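# A closer look at the structure
Below, each chain spelled out in residue letters.
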Amino acid sequence: MPDMTGKTCIVTGASLGIGKETAAALAGMGARVVMVCRDPARGEAARADIVGQSGSSDVELMIADLSSLDEIRGLAAAYRQKHQQLHVLVNNAGAYNANRTTTRDGFETTFGVNHLAYFLLTGLLLDVLKASAPARIINVSSMAHLRGHMNFDDLQSAKKYSGMKAYGQSKLANVLFTYELARRLEGTGVTANALHPGVVRTGFGKNNPGWWGALFGVFQVVGRPFYISPAQGAATSIYLASSPEVEGVTGKYFVKCRAVDSNTESRDAAVARRLWQVSEEMTKPAMAPAR
Ligand SMILES: NC(=O)c1ccc[n+]([C@@H]2O[C@H](COP(=O)([O-])OP(=O)(O)OC[C@H]3O[C@@H](n4cnc5c(N)ncnc54)[C@H](OP(=O)(O)O)[C@@H]3O)[C@@H](O)[C@H]2O)c1
């Protein structure tokens, strides 16, 4: 087990599932872990579990709803006020949304939480990561990216919504963002990698109201042999966050702790640059109201 003493890590979506297991493992390796959760009660309950499970009390909770650009900015500012260093950022929080909803900022929620939150939080913490180098950024994507396509004509799925298409696009965006980030970070000592965690028995999909949420629960019972545990699902995130084997490795997509090919569109640098520009535009602070 790698020794992470002296390292500070952020894990988003650490209230349950893959994020909680990742946070617990890193705490168990001696890292200072900052959990980012949106619900104070669920976050505190998870923090108590992680402290018990890992035996480390160096586990902190920060509250932010990552569907809000303002809350992401507040989170980054609060982090920077309290901590001088950041060695590992695990962008993990994400969801599948069967029905189209929008965030407070007016973005389609899947695109907002699964992609824009990764993009903005990373950007706001990039100088701290660089100052702490060697440092690592880990973006939890999915094999769902294989069927994803960046629909720049309708990124917000305003004309037509499909939960699967919106999810696939957001997870493709995770891989494109990772590769472009790795190119831009060359020579800084900060690496960026993406991963598919496996098909994992978590709270995934259960956020959906009505029969959609129930269906995800049914899948997990009927398809039990096909699902892996949250601890197994966290293995690749933990590996990328801590293993000496991947020190300096950057711009790759991992499955089961091995670098594998992602889809063709994800490797198109022009698409990645375009996504970066669009994301920058969408997340820049609103202009002050005209007097
Ligand atoms: N499970 C799978 O089979 C699978 C497969 C491929 C990829 N993934 C990816 O793995 C990642 C983790 O998913 P999981 O399976 O662990 O799902 P999960 O059990 O539903 O956990 C998702 C986490 O994200 C948090 N989250 C969701 N929306 C948020 C928001 N607006 N602000 C802050 N936190 C938010 C949730 O917090 P709350 O407790 O507040 O809801 C929860 O902590 C996701 O990026 C997902 O796309 C999962």
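Residues numbered from 1 in each chain as written. Predicted model: local features only at pLDDT ≥ 70, side-chain atom pairs only at ≥ 80, totals over all residues. Heavy atoms only, no water.

### Details of the overall build of the chain
Across its full length, the chain carries nine helices and eight strands. On C-alpha atoms alone, the chain measures out to a radius of gyration of 18 Å, which is about the 19 Å that the 2.2 N^0.38 rule sets for 291 residues. Here the C-alpha coordinates of the chain stretch approximately 50 × 50 × 40 Å along the principal axes. The long-range fraction of contacts in the chain, counting pairs at least 24 apart against all pairs at least 6 apart in sequence, stands at 76%. The distance from the centre of the 31 positive side-chain charges to the centre of the 24 negative ones in the chain is 4 Å. (Helix = DSSP H or I, 4+ residues; strand = E, 2+ residues; numbered from the N terminus. Rg over C-alpha atoms; globule rule 2.2 N^0.38 Å. Contact = heavy atoms within 4.5 Å. Lys, Arg positive; Asp, Glu negative; His and termini not counted. Charge placed at Lys NZ, Arg CZ, Asp CG, Glu CD.)

### What to know about the nonpolar core
By size, the foremost hydrophobic cluster in this structure holds 74 residues, and its most contacted members are Leu26, Met35 and Met150. With 11 residues, helix α4 (residues 109-131) is the single largest residue contributor to this core. For Met150, the contacting residues outside a window of four places in its chain are Phe111, Leu155, Gln169, Leu172, Ala173, Leu176, Glu265, Val271 and Leu275. With five residues, the next largest nonpolar core counts Tyr96, Ala98, Tyr167 and Phe216 among its residues. (Core = buried A, V, L, I, M, F, W, Y, C linked by side-chain atoms within 4.5 Å. Buried < 20%, exposed > 50% of the residue type's maximum accessible area, 1.4 Å probe, protein only.)

### Quick look at the site of the ligand
In the vicinity of the ligand there are 30 residues, among which Ser15, Arg42, Asn92, Tyr167 and Thr202 approach most closely. Within the contact set of the ligand, an oxygen atom lies 2.7 Å away from a side-chain nitrogen or oxygen of Arg42. Between a nitrogen atom of the ligand and a side-chain N or O atom of Asp65, the distance comes to 3.0 Å. Isolated, the ligand exposes 900 Å² of accessible area, and the fraction of that covered by the protein chains is 93%. Going through the elements one at a time, α1 (17-28), α4 and α5 (163-184) are the ones with two or more residues in the shell around the ligand. Taken together, the residues of the shell around the ligand break down into 14 nonpolar, 12 polar and four charged. (Near = heavy atom within 4 Å. Polar contact = N/O pair within 3.5 Å; in protein donor to acceptor, adjacent residues only side chain to side chain. Areas by Shrake-Rupley, 256 points an atom, 1.4 Å probe, with all protein chains shown as cover. Nonpolar A, V, L, I, M, F, W, Y, C, P; charged D, E, K, R; others polar.)

### What to know about the side chain of Ser132
Position of Ser132 among the secondary structure elements: in the loop between α4 and β5 (135-140). Excluding residues that lie within four positions of it along the chain, Ser132 makes contacts with Gln84, Gln85, Leu86 and His87.

### Overview of a nonpolar patch on the surface
Taken together, the side chains of Met143, Leu146 and Val199 present a nonpolar region at the surface, about 250 Å² in accessible area. Looking at where Val199 falls in the secondary structure, it is placed in the loop between β6 (190-196) and α6 (210-222). (Patch = residues over 30% accessible without salt bridge, like charges linked within 9 Å, V, L, I, M, F, W, Y side chains within 5 Å. Salt bridge = Lys/Arg side-chain N within 4 Å of Asp/Glu carboxyl O.)

### Some details on the sheet that holds strand β4 (residues 88-91)
Sheet strands pair via backbone hydrogen bonds, and the direction of the pair is either parallel or antiparallel. What the eight strands build is an open sheet, ordered β3-β2-β1-β4-β5-β6-β7-β8; its pairing is mixed. At either end of the open sheet lies a strand with only one pairing partner, and these are β3 (59-63) and β8 (258-260). Averaged over all adjacent pairs, the angle separating strand axes in this sheet is 25°, with direction ignored. Bridging between strand β1 (residues 8-12) and strand β2 (residues 32-37) involves five bridges; their strand directions are parallel. Each residue of the ladder has a partner; that of Ile10, found in β2, is Val34. (Pairing = 2+ DSSP bridges. Axes fitted to C-alpha atoms, helices over the stretch in contact; angles between N-to-C directions.)

### Re the packing of α1 against helix α8 (residues 235-242)
For the pair α1 and α8, interaxial distance at closest approach is 9 Å and the crossing angle is 40°. As far as their axial angle goes, α8 and α1 are oblique. Pair α1 / α8 crosses with right-handed handedness. Of the residues in α8, those in contact with Ile18, Glu21, Thr22, Ala25 and Leu26 of α1 are Ser237, Ile238, Ala241 and Ser242. (Parallel < 35°, antiparallel > 145°, perpendicular 65-115°, else oblique. Left-handed = near helix turned anticlockwise from the far one by under 90°.)

### Considering the side chain of Ser262
Within the element layout of this structure, Ser262 appears in the loop between β8 and α9 (269-283). Look at Ser262 and you get buried, because its relative accessible area is 4%. At a separation of 2.6 Å, a polar atom in the side chain of Ser262 contacts the side chain of Ser266. If we skip the residues at most four places from it in the chain, Ser262 touches His145, Val175, Tyr179, Tyr253 and Arg267.

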